[in-house]
Structure formats: structure tokens, C-alpha cells
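Observations on the model geometry
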Amino acid sequence: MARRIDYSARYKYTPKEVYGAFTDRDYWDARIEEMRKYSENHIEHFEVSDDGIDIVLHHILPRSELPEIAQTVMKKDMVITRKESYTPFGDPTTGTYEASIPAGPGSLTGTMKLFATDTGCTFRTSSEAKVYLPFIGGKLEQLMLVNLIDLFRAEAEITENWLSQQ
């Protein structure tokens, strides 16, 4: 059974300013650099076109840093490939993401929506985790989602800081 969770990052900036950050390679490089405090990261692919934005990120988490329950499933370092796609700018702008782990026993997918508010904008992510293992699947799904919220918070803080320096 899948578990779902929503996270909303609220910004004092307009949707156009936040989307503008998403189209800027310097933003992604700064975000990757900041996230290296937590794990090895790099950008595999980055493209901005009339069709929107496509980006592929790699996160590598050492097995020794994983919670015990995850170590029972993962016998090597966890390599996460995260693919994000955004539509061209609009109000709202939407997107999708998926995160995959080679030989991983599940999936992590989601939708994203960037829209205007009275005080700026909101970037809402709706995520779904599925783990196909009896007995521990639900615990791993919950663990994935809790850690995902921490990741989204950190990324929102990086975005806020990057925009404040522009």
C-alpha cells in the first residue's frame, strides 16, 4: 500500500522569480553545492526549452549513514536518481518528479505546482512512496516520506537564500 504526503514551500517572491531560479544553471549548481553537506550530489542533465525544464540529479547516500531498517534492504551505498520536469512558466506552473534506486524495492513519485498567493507564491509537492516488501514496506515508506520532507525543507531554504542574493 502506498503512502502519500504533501509539502508546501512558501516564498515572498513571485512565481516568475521562483521559476526564473529554476531555469538558471547557477541556481542548480548552488543548490547541489549546498546539498553536498548531506550527501554526494551532482547534476546529470539540465535543459531549459520552450517545453519547460528537465533536470536529472544524482544523490549518493553511504550505506553506513542509512537507518538500520534501510540497511537490511540496501547492501551498497544508495544511489538515487531524481528526474524533474516542469511545464513552461504559467500560473500555475506544474511539474512531475520520480526518484529511483537501482535494485530498490519501491518507487517515489510526485507532482509539483508553483502558484501565486497574496504574499508571493507557494511551491507544493505531493509525493507518493511505494515499497514492495512484506512486513517492513510501510515502515520504509514512512521513513522515505519523513526524510523527503527534510530534503524539501532544505531545498526551500536554499531557494529562499539564493533568491535573496539576486
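What counts, and where the lines are drawn
Residues numbered from 1 in each chain as written. Predicted model: local features only at pLDDT ≥ 70, side-chain atom pairs only at ≥ 80, totals over all residues. Heavy atoms only, no water. Phe/Tyr/Trp six-rings, centres within 6.5 Å; stacked < 30°, edge-to-face > 60°. Helix = DSSP H or I, 4+ residues; strand = E, 2+ residues; numbered from the N terminus. Buried < 20%, exposed > 50% of the residue type's maximum accessible area, 1.4 Å probe, protein only. Lys NZ or Arg CZ within 6 Å of the ring centre and 35° of its normal. Patch = residues over 30% accessible without salt bridge, like charges linked within 9 Å, V, L, I, M, F, W, Y side chains within 5 Å. Areas by Shrake-Rupley, 256 points an atom, 1.4 Å probe, with all protein chains shown as cover. Salt bridge = Lys/Arg side-chain N within 4 Å of Asp/Glu carboxyl O. Lys, Arg positive; Asp, Glu negative; His and termini not counted. Charge placed at Lys NZ, Arg CZ, Asp CG, Glu CD. Contact = heavy atoms within 4.5 Å.

**As for the packing of aromatic side chains**
In this structure the tally under the stated criterion is 10 aromatic pairs. Ring centres 5.3 Å apart and planes at 70° place the aromatic pair F22 and F123 in the edge-to-face group. Note that F22 is positioned in helix α1 (residues 15-22) and F123 in strand β7 (residues 120-131), a separation of 101 residues in sequence. Accessibility assignment for this pair places F22 and F123 in one class, buried. Taken together through their ring pairs, the aromatic side chains of F22, Y27, W28, Y86, F123 and W162 make up a single cluster. K113 extends its terminal NZ or CZ atom over the ring of F115, reaching a point 5.7 Å from the ring centre.

**Comments concerning a negative patch on the surface**
Taken together, the side chains of E47, D50, D51 and D54 make up a negatively charged region of the molecular surface. By the secondary structure assignment, D51 is in the loop between β2 (40-49) and β3 (52-61). Of the residues examined, D51 reaches a relative accessible area of 67% and is grouped as exposed.

**Things to note about the environment of T111**
Along the chain, T111 falls in strand β6 (residues 106-117). Residue classification places T111 among the partly exposed positions, given a relative accessible area of 43%. Taking the C-alpha atoms as reference points, T111 and S64, separated by 47 residues in sequence, lie 30 Å from one another. Leaving out residues up to four positions away in the same chain, T111 has contacts with G95, T96, Y97, R124, T125 and S126.

Without other data, these values stay purely geometric and don't point to any function.
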